[in-house]
Amino acid sequence: MNAALRKLEHEHNRLAKRLRHQVGRAIADFGMIEEGDRVMVCLSGGKDSYTMLDILLQLQKKAPVNFSITAVNLDQKQPGFPEHVLPQYLESIGVEYKILEQDTYSVVKRVVPEGKTMCSLCSRLRRGALYTYAEEQGFSKIALGHHRDDLVATFFLNLFFHAKISSMPPKLLSDDGKHVVIRPLTYVKEDDIATYAEQRAFPIIPCTLCGSQENLQRKQVKRMIDQWDRETPGRIDTIARALGDVRPSQLADPKLFDFLALGRHSAAPLPDVHGWLGSGAEVEADGRPAPIALQLA
Ligand code: SF4
């Protein structure tokens, strides 16, 4: 092997090692996988989910616990979807898999007005079909391929457009309490995933076969984040680290931190908002004061 090839192989190995390390650390930090788990790995055919499956399979071989992996793809019947690509790949690597079929494409086309982005309804329908299958088959964990940059983008989307400090959690219980969803790529950079997918030559299937575009808000946020990263390399890392270092006493949410009890010197009941502002005070349905911004509007 010549020097250039050796250098390339060394770089590939280093990246694979870094990804295994980051995924392994996320699994440990958030208790994502335990003994006997049956993990359903959702595979879309994009770079993120291929990488997630690949790294999980590598980690499975040396994991301190036994767990199974099944790759599951939902064929949503988008025009031009190359049906043979995923089965061919999954058979070549010898992983257990299932391709589900549900024509969500026609539903989305029928319901969403022409010219509007379809991704939100499309992914809700996809999630519904995958969760239903997971329940039928008794999978104990559902693994999704969202990565560090998705977490950061979602944080800003929620901040700017929904007035919430929240993101995509690395591990969550679905609203109906039936599913535990894990995001093993929580610590992994999108750029690293793109490089890894290229190195491993995954047979990528584009999501935009349906012709839809991501919504304007998400695009704006992505543009802003990309620009930051160009101008101030390392900023996204800093933000991602901040998502894991939240200080409720330094924010302003009395539901997360008991500001009322802070520094009290008597046990007498405190007057509520009406006591301070009179009967005209604007309050929410649960009796809490309405947000300041709304009161001033
Ligand atoms: S690009 Fe198309 S297939 Fe992908 S999420 Fe959006 S609507 Fe669904």
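Residues numbered from 1 in each chain as written. Predicted model: local features only at pLDDT ≥ 70, side-chain atom pairs only at ≥ 80, totals over all residues.

- Under an unreviewed UniProt entry, the name given to the chain is tRNA-cytidine(32) 2-sulfurtransferase, and the organism recorded is Pseudomarimonas arenosa.
- Recorded in UniProt for the chain, the comment headed Pathway (unreviewed entry) runs: "tRNA modification." (UniProt positions renumbered as here; feature names shortened; annotations may be inferred.)

## Some thoughts on the nonpolar core
For soluble globular proteins, nonpolar side chains are generally found buried alongside one another.
Phase 1 of the analysis: By size, the foremost hydrophobic cluster in this structure holds 34 residues, and its most contacted members are M40, V41, C42, I142 and A143.
Phase 2 of the analysis: Where this core is concerned, the elements lending two or more residues are α1 (3-30), β1 (38-42), α2 (47-62), β2 (68-75), α5 (119-137), β4 (141-143), β6 (180-182) and α7 (190-200).
Phase 3 of the analysis: Ranked by residues supplied to this core, first place goes to α2 with five residues.
Phase 4 of the analysis: Apart from residues lying up to four places away in sequence, A143 is in contact with V39, M40, V41, C42, M52, L56, I182 and P184. (Core = buried A, V, L, I, M, F, W, Y, C linked by C-beta atoms within 7 Å. Buried ≥ 20, exposed ≤ 12 C-beta atoms within 10 Å, placed from the backbone. Helix = DSSP H or I, 4+ residues; strand = E, 2+ residues; numbered from the N terminus. Contact = placed C-beta atoms within 7 Å.)

## Regarding the environment of V23
Phase 1 of the analysis: Position of V23 relative to the elements: it lies in helix α1.
Phase 2 of the analysis: Residues contacting V23, with those up to four places away along its chain left out, are I55, L59, P184, L185 and V188.

## Notes on the domain arrangement of the chain
Phase 1 of the analysis: As far as domains go, the chain holds domain 1 (3-156 + 167-219) and domain 2 (262-297).
Phase 2 of the analysis: On a C-alpha basis, the centres of domain 1 and domain 2 stand 45 Å from each other. (Domains from an automatic or database assignment.)

## A look at the UniProt feature "domain: tRNA(Ile)-lysidine/2-thiocytidine synthase N-terminal" (unreviewed entry) in the chain
Phase 1 of the analysis: Taking the UniProt record as the reference, the feature "domain: tRNA(Ile)-lysidine/2-thiocytidine synthase N-terminal" (unreviewed entry) is found at residues 39-201.
Phase 2 of the analysis: End-to-end, the C-alpha atoms of residues 39-201 are 24 Å apart, and along that stretch the chain is 48% helix and 17% strand.

## Observations concerning the site of the ligand
Phase 1 of the analysis: In the vicinity of the ligand, the contacting residues are Q78, M118, C119, C122, S123, C207, T208, C210 and S212.
Phase 2 of the analysis: Considering only residue class, the shell around the ligand consists of five nonpolar, four polar and no charged. (Near = placed C-beta within 6 Å. Nonpolar A, V, L, I, M, F, W, Y, C, P; charged D, E, K, R; others polar.)

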